[in-house]
Amino acid sequence: MKWESAARTDRGRRRPQNEDAFLVRPDLGVFAVADGMGGHAAGDVASRLAVDTIAERIEGAHSRRYGRRRAADILGAAVREANHTIHVAADVEPDKAGMGTTVTALAIVSRDHVAALAHVGDSRAYRFDRDGLRQLTKDHTWVQQQVDEGMLTPYQARRHPFGNVLTRALGTDAGVDVDSLDTELRAGDLLLLCSDGLTTMLSDGDIAAILRDANGLGAAAEALVEEANARGGIDNITVVLVRIEG
Ligand code: CA
């Protein structure tokens, strides 16, 4: 299988700094988005530690050589190791206490024609194909929990003041539950990883329209960021796009 990718990250219009980070390693078929949190730029440190730890861990374990089970195991272990690294750093450096990050990571498993995903927090993975746009990950947020329990509608959840309260993050605890999933890949499929700075500004319909109309991956990534900023850009915005070429 072959693939191409593009990524953009932007501070947005309101935040003083960008605490998102992304990982784009087309050579390994590995991609990730992380959205850090914590005062004194600690969020920036947490998200960077997450993507760097995943990159290092995957570096020695090329996904082309493995099937989907093994890829999911390696990715999950890499995310748990990132959790440990961030948690320890937060423990020893007082100004980093309580720092954490989301992470959504993807590894293409060429042999099985699937993408393995590992996910913690409210950054998202979507797949866009001939059937349209579908969210693959489920947010680890208080509002998502309320939706699952029938206490809030998805519409109310989108506008809820507690919309950014996470129920899971990397680094905040000694251990973490990592969601693992995979998705079949066909030529022409597009995968999107993004931070919530995109999805709080744009609906799934907005995202699908931009992906459909954009002329190329780089232009699509640019257009997503531009549109999120045009609507207020209240948070850092990060998008990673991967297109399967066959
Ligand atoms: Ca964010």
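All residue numbers here refer to positions counted from 1 along the written sequence of the relevant chain. Per-residue local features of the predicted model are confined to residues with pLDDT of at least 70, and side-chain atom pairs are confined, for both listing and counting, to 80 or more; whole-chain, interface and lining totals are unaffected and use all residues. Based on all heavy atoms of the structure, the side-chain values leave hydrogens and waters out of the count.

*Asks:* I keep staring at the pairing of strand 3 (residues 30-37) and nothing clicks. Help me out?
*Replies:* In the case of a regular strand, side chains alternate between the two sheet surfaces. When accessible area is computed with a 1.4 Å probe and restricted to protein chains, residues below 20% of their type maximum are described as buried, those above 50% as exposed, and intermediate ones as partly exposed. Helix and strand labels come from DSSP, where a helix needs a run of H or I of at least four residues and a strand needs a run of E of at least two; each type is numbered from the N terminus. With respect to burial, strand 3 is a largely interior element, 7 of its 8 residues being buried. Note: two strands are recorded as paired if DSSP finds a minimum of 2 bridges between them. Here strand 2 (residues 20-25) runs beside strand 3; their pairing, made up of 6 bridges, is antiparallel. Within the sheet, the bridge partner assigned to Arg25 lies in strand 3 and is Val30. Hairpin geometry of strand 2 and strand 3 is characterised by an intervening segment of 4 residues between the two adjacent antiparallel strands and by a positive phi of about 70° at Gly29.

*Asks:* I'm lost on the coordination of the calcium ion in this one. Help?
*Replies:* For a metal with four tetrahedral donors the ideal donor-metal-donor angle is 109.5 degrees, while six octahedral donors give ideal angles of 90 or 180 degrees. Each metal's donors are the N, O and S atoms within 2.8 Å of it, or within 3.2 Å when it is Na, K or Ca, and because water is not part of the set, sites may look incomplete. Around the calcium ion, the protein contributes the donor atoms Asp35 (OD), Asp35 (OD), Asp196 (OD) and Asp235 (OD), which lie 2.2 to 3.1 Å from the metal centre. Each donor residue of the calcium ion belongs to the same chain, and together they define the spacing D-x160-D-x38-D. With a gap of 200 residues between them, Asp35 in strand 3 and Asp235 in the loop between helix 7 (217-230) and strand 11 (237-244) connect regions that are remote in the sequence.

*Asks:* Which parts of the structure should I look at to understand the sheet that holds strand 8 (residues 132-135)?
*Replies:* Either a parallel or an antiparallel arrangement is found when strands of a sheet pair, and the pairing is made through backbone hydrogen bonds. With respect to topology, 5 strands assemble into an open sheet ordered 1-11-10-7-8, the strand pairing being antiparallel. In this open sheet, the two strands that pair with only one neighbour each are strand 1 (3-10) and strand 8. Adjacent strand axes in the sheet meet at a mean angle of 15° when their direction is disregarded. Of the pairings in the sheet, the one linking strand 7 (residues 124-129) to strand 8 comprises 4 bridges and is antiparallel in character. What sits directly across from Phe128, in strand 8, is Leu133. Only heavy atoms matter for contacts: two residues are in contact if any of them lie within 4.5 Å across the pair. The angle between two axes is taken between their N-to-C directions and runs from 0 to 180 degrees, where each axis is a line fitted to C-alpha atoms and a helix contributes only its stretch in contact. Here helix 6 (residues 204-213) sits on the sheet and contacts strand 7, strand 8, strand 10 (190-194) and strand 11; the angle it forms with strand 7, its principal contact strand, is near 50°.

*Asks:* Even after reading the chapter, I still don't get the pattern of salt bridges, so can you show me in this structure?
*Replies:* Salt bridges are counted wherever a side-chain nitrogen of Lys or Arg sits within 4 Å of a carboxyl oxygen of Asp or Glu. In this structure the tally under the stated criterion is 20 salt bridges. Here Asp27 and Arg25 are joined by a salt bridge, their closest N and O atoms 2.8 Å apart. Among the ionic pairs, Asp139 bridges to Arg124, the shortest N-O distance being 2.7 Å. Taken as a pair, Asp139 in the loop between strand 8 and helix 3 (142-148) and Arg124 in strand 7 lie far apart in primary sequence, 15 residues in all. On the basis of relative accessibility, which here comes to 14%, the residue Arg124 falls in the buried class. Shared partners join several salt bridges into a network, and the residues in it are Arg127, Asp129, Arg186 and Asp189.

In short, the description is geometric, and any link to function would need to be established separately.
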